[in-house]
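Coordinates in review
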Amino acid sequence: MADPAAEEQGYQAGELCCECGQFHLLPDNHLYNFQDEVDDELICHICLQPLLQPMDTPCGHTYCFKCLENFMQEYNFCPMDRKKLSFQQCHKSSLLVRNLLDKLVVSCPFKAECQQTMQRCELEAHLQNRCPGFKKYKSELQRKKNPISKGKEDPPVKVETNTPKEPEVPSAGSSLVAESSAAAVVSLGTAEPGLVNPAFEETEEDLPQRASLVAETSTIEIHREDPEEELGMRIVGGKDTPLGNIVVQEVLRDSLIAADGRIAPGDHILEVNGVNISSVTHCQAVSFLRHPGPILHLMVLQEKGFSNKTAQQDSTTATNREVIHVTLVKRDRSEPLGIKLIRKTDEAGIFILDLLEGGLAAKNGKLSRNDRVLSINGQDLRQGTPETAAQIIQTSESRVNFVVLRQPGVQLLDPGEDGSTSNNSSSSSSNGGSPVHHRRRLDQNHYRRKSTYQKDLPQGYVTHEKTVAIKKEPKESLGITIGGGRDNKNKLPIYVTSVQPIGCLFRDGKIKRGDILLSINGIDLTHLNYYEAVSALKSNAASHSVVLKALEILASDSTDPSLDIKERGFSWSPLWITWLGLPSYLHCCQDIVLSKGNLESWGFSIVGGFEESKGNQPFFIKTIVPGTPAFRDRRLKCGDEIVAVNGVPAIGMSNSELIPMLKEQRNKVTLTVVSWPGSLV
């Protein structure tokens, strides 16, 4: 495919696709520049290109969603074997097939400015956040269109610690309804053991605002048609870690929790089915949350961000508000919903400005003008922007789950009715185009943990390196499956996910599930991505003898018998607590640069550090406050380890030493962090 910039003059049908970076008609499939020859099994036999949104037929063939849909509009048989077929009989291909397709390597279409290659699933994020060619194209396009000026920036938040109050548990019901008077006010500057809070910066200027950090507890009821269906969230923490509480790290897209929409990353889980889990080990919490049942009752503590005193007193309208759940189903990823979103100057969050006639949302009829969008597909947007919402909608495959807050009787003015609207708010639309403005982000540069950043293993962890030498038949399989790889989102090392009872390693018995693979026949596996590791294992397994080096992580509390009783479809991976025992030389670090205004706080709390009774403990992110620089950046997660601040190692520091370092950084700070995936429940 030619450089998109060179084709612009001859293209009249629309703007460049923000997902694949090439020109094509909206109803057509995306176009990609694949680096390698693609296996014929992954090719659609209608368009003869690698499959996009693959659909399986009952007769065993697979086609692109759009190709098959267009074909079935004219014919009623399978294109390959001509057996009678209807589109309703077809279903989405397995996750394995979709993952294989997503991992196909493509090159950036902006060849003149960018020679990057990446997995197909990473191209859209590369274009939006890192590609100089796409950035140049957008700038030129904006200049040609003479865009309306950006809205004014929101005023900086001022904060001050208030006298701490004991958290109150409101009566059953959604915490999102009781946004003001029913809120439990929790100051993270309180004397909670080991917890310090850079979210608070006390200055003389802050006193008149009378702002405090607000959180609420609420009970959320989750219904499962299949009692054994996984919830679809990752958790960190436990009493056996510095975090103490159980904290939601991530909500998986299209999961049960995402569809419900009320739980967001950063929420603290206090109870499960009436059992208090605020002081249990990580493994015990995983066991409670994986327990099967048709109904699950969760009590959670949710951060609401900073709220000034006058806002807390204004509770007259809260009782009239209603939380509404709406699911819109797209026929394909690029289909627009027909929603215009806007941000107000006097209220946090984003609101529905208008529903376009004939669009999916208007046809559905459940969303209304002036609804405040609380979350989309489980991603918290209470302090979000229209641009973020548009991006979530555009990357959703089919189901888009909205949770909105409705206050009857209030309508937004159209931009044409009030000349100040375009200057004081920013708007975005879900009509398939790229968002108006994108937040600038630095490249996510991962690197091996430096020797100056390395630490001893935490208490309770021991690692055991083992060498396995096996004589085998050339065609005999090793009999293991693996996970991880440095192309993984968390840059994990290669680890064993299962040992099959058919291979030579099962017969030997030394390699176990969860072991980290270090090398095979002298070839280092610790820096390889998943496919490179698979290739290395396969090629070396063909020899008569294999020497495999592996690392076993032993933790005193990481094995809980209840976790091995029927895994119920959970794809196995090490628990979050296991990664904490991985030696430092196998860690991958990332530098995250945060910027803030003079009167803002960084917006995260930390736990850990040196204590005489416990020795050196890692520093972890425990809380990320909505509406703050740490929240808006979206790269920091609860459970991330802080390795260094502005290049100064945090190892050996106490809370009282690290916090002043963070507060001294007035407008910019570089955090070096290590991030491990939370345990899936």
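Since the model is a prediction, treat every value here as computed from it, not as a measurement. (Residues numbered from 1 in each chain as written. Predicted model: local features only at pLDDT ≥ 70, side-chain atom pairs only at ≥ 80, totals over all residues. Heavy atoms only, no water.)

1. Overview of the overall build of the protein
As a reminder of what qualifies: What counts as a helix is a DSSP run of H or I of at least four residues, what counts as a strand is a run of E of at least two, and both are numbered from the N terminus. To sort residues, take the accessible area from a 1.4 Å probe on protein chains only and compare it with the maximum for the residue type: under 20% means buried, over 50% means exposed, and anything in between is partly exposed. All accessibility values rest on the Shrake-Rupley procedure with a 1.4 Å probe; residue burial counts only the protein chains present in the view.
Of the regular secondary structure elements, the protein holds 16 helices and 35 strands. The proportion of buried residues among the 681 residues of the protein is 51%. Counting only carbon and sulfur atoms, one obtains 50% of the accessible surface of the protein, whose full area is about 31,500 Å².

2. Re the packing of aromatic side chains
Note the following rule: Paired rings are identified among Phe, Tyr and Trp, the last through its six-membered ring, by centres lying within 6.5 Å, and are further divided according to the angle between planes into stacked (under 30 degrees), edge-to-face (over 60) and tilted (the rest). Criterion for a charge above a ring: Arg CZ or Lys NZ at most 6 Å from the ring centre, at most 35 degrees from the ring normal.
Enumeration according to the criterion identifies 12 aromatic pairs in this entry. Note on Tyr530 and Tyr531: the rings are 5.3 Å apart at their centroids and 85° apart in plane angle, and the pair reads as edge-to-face. With relative accessibility at 24%, the residue Tyr530 sits in the partly exposed group. Each member of the aromatic cluster is reached from another via a ring pair, and the members are Phe23, Phe110, Phe134 and Tyr137. Residue placement shows Arg120 over the ring face of Tyr32; its charged tip is 5.6 Å from the ring centre. Directly above the aromatic system of Phe631 lies the positively charged group of Arg634, at a separation of 5.2 Å from the ring centroid.

3. What about the sheet that holds strand 1 (residues 33-34)?
Selection criterion: Strand pairing is defined by DSSP finding a minimum of two bridges between the two strands.
With antiparallel pairing, 3 strands are arranged side by side in an open sheet as 1-5-6. Pairing within the sheet leaves two strands with one partner each, and these edge strands are strand 1 and strand 6 (117-119).

4. What to know about the pairing of strand 10 (residues 233-237)
Of all 5 residues making up strand 10, 5 are buried, and the element is well covered by its neighbours. The alternating pattern of strand 10 places Met233, Ile235 and Gly237 on one face and Arg234 and Val236 on the opposite face, and all of these are buried. Pairing of strand 10 with strand 11 (residues 246-251), which is carried by 5 bridges, proceeds in the antiparallel orientation. Each residue of the ladder has a partner; that of Val236, found in strand 11, is Val247. Across 2 bridges, strand 10 lies against strand 35 (residues 679-680) in antiparallel orientation. In the strand pairing of strand 35, Ile235 is matched with Ser679.

5. Section: the confidence of the model for the protein
Reading fine detail from the predicted coordinates is not recommended where pLDDT is low. Our working rule: Each residue carries a pLDDT score, the predictor's own confidence in it, on a scale running from 0 to 100. Residues are treated as being in contact if the distance between any of their heavy atoms lies within 4.5 Å.
Per-residue confidence for the protein averages 76 on the pLDDT scale, and 77% of its residues sit at or above 70. Low pLDDT (under 50) marks residues 410-444, which in the prediction has 93 contacts with non-local residues, meaning those over four places away or in another chain. Taken together, the stretch residues 558-569 has pLDDT below 50 and engages in 21 contacts with residues farther than four places along the chain or on a different chain.

6. Quick word on the nonpolar core
Definition in use: Nine residue types can take part in a nonpolar core, namely buried Ala, Val, Leu, Ile, Met, Phe, Trp, Tyr and Cys, and a core is a set of them joined through side-chain atoms within 4.5 Å.
One finds Leu231, Met233, Ile269, Leu289, Leu298 and Ile516 to be the most contacted residues of the largest nonpolar core, which totals 52 residues. Look past the residues within four positions of Met233 in its chain and what remains in contact with it is Val248, Glu250, Val251, Leu252, Ile257, Ile263, Ile269, Leu289, Leu298, Ser679, Leu680 and Val681. Counting 37 residues, the second largest nonpolar core, distinct from the first, contains Cys18, Phe65, Leu127 and Tyr137.

7. Remarks on the pattern of salt bridges
Any two side chains of opposite charge can pair, given that their charged atoms come close. The line we're drawing: Between Lys or Arg on one side and Asp or Glu on the other, a salt bridge is scored when a side-chain nitrogen of the former is within 4 Å of a carboxyl oxygen of the latter.
Under the defined criterion, the tally for this structure stands at 14 salt bridges. For Glu397, the salt bridge is made with Lys92, and the minimal N-O distance between the two is 3.6 Å. Of this pair, Glu397 sits in the loop between helix 10 (386-395) and strand 20 (399-406) while Lys92 sits in strand 4 (residues 91-92); the two residues are 305 residues apart in sequence, bridging distant segments of the chain. Taking the shortest distance from any N to any O, the salt bridge between Arg382 and Asp380 comes out at 2.8 Å. Of the two residues, Arg382 and Asp380, both sit in the buried class. Because the salt bridges share partners, they merge into one network encompassing Lys466, Lys512, Asp515 and Glu552.

8. Some remarks on helix 10
Counting buried positions over the 10 residues of helix 10 gives 9, a clear majority of the element. Listing the buried residues of helix 10 in full gives Pro386, Glu387, Thr388, Ala389, Ala390, Ile392, Ile393, Gln394 and Thr395.

9. As for a negative patch on the surface
What counts, and what does not: Residues qualify for a patch when their relative accessible area is over 30% and they have no salt bridge, like charges being joined within 9 Å and the nonpolar side chains of Val, Leu, Ile, Met, Phe, Trp and Tyr within 5 Å. Working convention for charge: Lys and Arg count positive, Asp and Glu count negative, and His plus the chain ends are omitted. In this description, the location of a charge corresponds to atom NZ of lysine, CZ of arginine, CG of aspartate or CD of glutamate.
A cluster of like negative charges, contributed by Glu37, Asp39, Asp40 and Glu41, occupies part of the molecular surface. Locating Glu41 in the fold gives a position in the loop between strand 1 and strand 2 (54-56). On the accessibility criterion, Glu41 (68% relative accessible area) is exposed.

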